[in-house]
Structure formats: structure tokens, C-alpha cells
Amino acid sequence: MSNTTPSETAPTTSGARQRQPATDRAYRHVKSKLLDGSHPDGHLLSEGEIAQTLGMSRTPVREAFLRLQSEGFLRLYPKRGAMVVPITPAEAHSLLEARLALESFAIDKLAALGEQHLATVGRRLLDHPACDPGELTDAEMHEADRDFHAQLVTAADSPVVTDLYSALRDRQLRITVTARTHESSRRTTVTEQHNALAAALHAGDTALAKRRLREHLAHTMRAIGLSEDLPHVEP
């Protein structure tokens, strides 16, 4: 008898398409648990347990694990499960340095595009959910935090920089989780820092915006237990 559930056997044109909805559901479920800290660094996940929780066979869970491994979240061990890959201090520090450089460049580029453009971006970011995340779930808060900064970079209209920043997406999410953004005190601080950065952009004060950005990223660095500081950015 097959152990495939009815939800996985809806009529489709191929076996791969049959499994895709279940694979996506397994992927979203596991990733949300990674992003809200339910599956901490070093935790070993079981295909069978995830499959039982979601009421599906192991096959889509295995495919979800493979996808998460390709994104750097998991490391698969045959017949044992998948381990949540820890973030090393060196990796975290390098990532935050890269973010500071790319986002500071974006602020300078926005200034070069003109005061009106800078003010418009600042206004849009002030209205972003990351500046008022009270109704967001933990996973949505992580995504909002990432999207806030991604919008800042994208607004600078530099495709190469945007591509470089996008390539850091999943690592950014993992740093955010490690910093425990979802904890109430940390969430309040992050929200205030987002508002301060957006307000500085809206006011056209790029030097202040870059200081607020550096303070924000330095706070993240301290939240993940790193004592090293970030370099100062020229105004």
C-alpha cells in the first residue's frame, strides 16, 4: 500500500508536478521554523517527524531538505536527517561588513539621484512594515527586516549592486534569526532603528542615514555575541 496522502495525488501531468505542492508546503514549514528559531543551529531534523507532522510521505520532505541544503540552511546526513548549519562568527562578521558597504553605497547613490528621490525613498521606507511590525509573525518579521534593506538597495538603481545584495539574501535571514529579532526587546530596538534610518533619508541627511545604518548593523553584531566592531563609513 502506498504511503502517499491524497493531497499528493491530485491529477497532474507528471510525478514531479504531483509532489511539488507537498514539497513547497514542507519547504515553507521547515524554513519558517528555521526563521523563528524553533530549529536552532546544530539541531538535527528528522524526515519522518516532519512528514508525520505535515501528514505527507517522506519524499516531499526529503526534496524540501535538499532545497534548504542548497540555500545553506541544512546539511544532509544519509539515514540520519538534516542538521541546521551553524553560522560561524567570521561568516557573520563578513556578511555585516558587506551589508554596510553595499547599503552605504546605495545611500550615496540615492543622494546623487537628487533630494526628491531621497525623500521619496525615505517616505516609502517609513511606511514599510519593518517600521511598524506589531501584527507580523516572527517569520514575517524576519522577512520584513530583510525586505526593508533590500528596498533601500534596489531604489539606488544599480543592477550590479542589487544582484550582489540579493545573493546574500539567505545568509541575511540566518543572521537575523541568530540575532533573535523576534524577541520583544530586540524587535522594539530594530523597529526604532529602521524608523531612524528612514527618517534620515526622508530628511535628506545622508551622513546621518549612514550613521544610523552602521549603528543598526553594529547592534545586530552585538546581538549575536560578536565583540568586534564595524568599520566607520565616510560621510
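Keep in mind it's a predicted model, so treat the numbers as computed, not measured. (Residues numbered from 1 in each chain as written. Predicted model: local features only at pLDDT ≥ 70, side-chain atom pairs only at ≥ 80, totals over all residues. Heavy atoms only, no water.)

Caption draft 1: How the structure looks around the overall build of the protein. Looking only at helices and strands, one finds ten helices and three strands in the protein. Reading the helices (α) and strands (β) of the protein from amino to carboxyl end gives α-β-α-α-β-β-α-α-α-α-α-α-α. A separation of at least 24 residues holds for 71% of the contacts in the protein among residues at least 6 apart in sequence. A total accessible area of about 11800 Å² is found for the protein, and carbon and sulfur atoms account for 52% of it. (Helix = DSSP H or I, 4+ residues; strand = E, 2+ residues; numbered from the N terminus. Contact = heavy atoms within 4.5 Å. Areas by Shrake-Rupley, 256 points an atom, 1.4 Å probe, with all protein chains shown as cover.)

Caption draft 2: Main features of the packing of helix α4 (residues 89–113) against helix α6 (residues 138–155). Where α4 meets α6, the closest approach of the two axes is 8 Å, and the angle between their N-to-C directions is 45 degrees. Looking at the two axes, α4 sits oblique to α6. Crossing handedness for the pair α4 and α6: left-handed. Contact residues: Arg99, Glu103, Ala106, Ile107, Leu110 and Leu113 in α4; His149, Leu152, Val153 and Ala155 in α6. Residues of the contact of α4 with α6, tallied by class, amount to seven nonpolar, one polar and two charged. (Axes fitted to C-alpha atoms, helices over the stretch in contact; angles between N-to-C directions. Parallel < 35°, antiparallel > 145°, perpendicular 65-115°, else oblique. Left-handed = near helix turned anticlockwise from the far one by under 90°. Nonpolar A, V, L, I, M, F, W, Y, C, P; charged D, E, K, R; others polar.)

Caption draft 3: Here's a closer look at the packing of aromatic side chains. All told, the structure shown has zero aromatic pairs when counted by the stated rule. The residue whose ring lies beneath Arg67 is Tyr27, and the NZ or CZ to ring-centre distance is 3.6 Å. When the ring centre of Tyr77 is taken as reference, the NZ or CZ atom of Arg80 above it lies at 5.3 Å. (Phe/Tyr/Trp six-rings, centres within 6.5 Å; stacked < 30°, edge-to-face > 60°. Lys NZ or Arg CZ within 6 Å of the ring centre and 35° of its normal.)

Caption draft 4: How the structure looks around the nonpolar core. In this structure, Leu197 and Leu201 are the most contacted members of the largest nonpolar core, which totals 38 residues. Mapped onto this core, the elements with two or more residues apiece are α4, α5 (115–126), α6, α7 (159–167), α9 (184–202) and α10 (206–223). Among the elements that take part in this core, α4 stands out by supplying eight residues, more than any other. Leu201 has contacts with Ile107, Leu118, Ala119, Gly122, Leu125, Leu152 and Ala209, leaving out every residue within four places of it along the chain. Ala26, Val30, Val61 and Leu74 belong to the second largest nonpolar core, which has 20 residues in total. (Core = buried A, V, L, I, M, F, W, Y, C linked by side-chain atoms within 4.5 Å. Buried < 20%, exposed > 50% of the residue type's maximum accessible area, 1.4 Å probe, protein only.)

Caption draft 5: Representation of α6 within the structure. Here α6 is 18 residues long and its end C-alpha atoms lie 26 Å apart, about the 26 Å a rise of 1.5 Å per residue gives. Taken as a whole, α6 has its buried residues at Met141, His142, Ala144, Asp145, Arg146, Phe148, His149, Ala150, Leu152, Val153 and Ala155. Directly beyond the C-terminal end of α6, a positive phi value near 60 degrees is found at Asp157. (Expected span 1.5 Å × (residues − 1).)

Caption draft 6: The sheet that holds strand β3 (residues 81–84), seen in detail. Strand order in this open sheet of three strands is β1-β3-β2, and the pairing throughout is antiparallel. Whereas interior strands pair on both sides, the edge strands pair on one side only; in this sheet they are β1 (44–45) and β2 (74–77). Both β2 and β3 contribute to a ladder of four bridges, which runs antiparallel. By the bridge assignment, Arg75 is partnered in β3 with Met83. Its contacts with the sheet place helix α3 (residues 58–70) against β1, β2 and β3, and it is angled at close to 130 degrees to β2. (Pairing = 2+ DSSP bridges.)

Caption draft 7: Seen up close, unusual backbone geometry. Residue Lys79 is not a glycine yet carries a positive backbone phi of 65 degrees. Its location among the elements puts Lys79 in the loop between β2 and β3. Even without being glycine, Asp157 reaches a positive phi, approximately 60 degrees. Residue Asp157 is classed as exposed on the basis of its relative accessible area of 57%.

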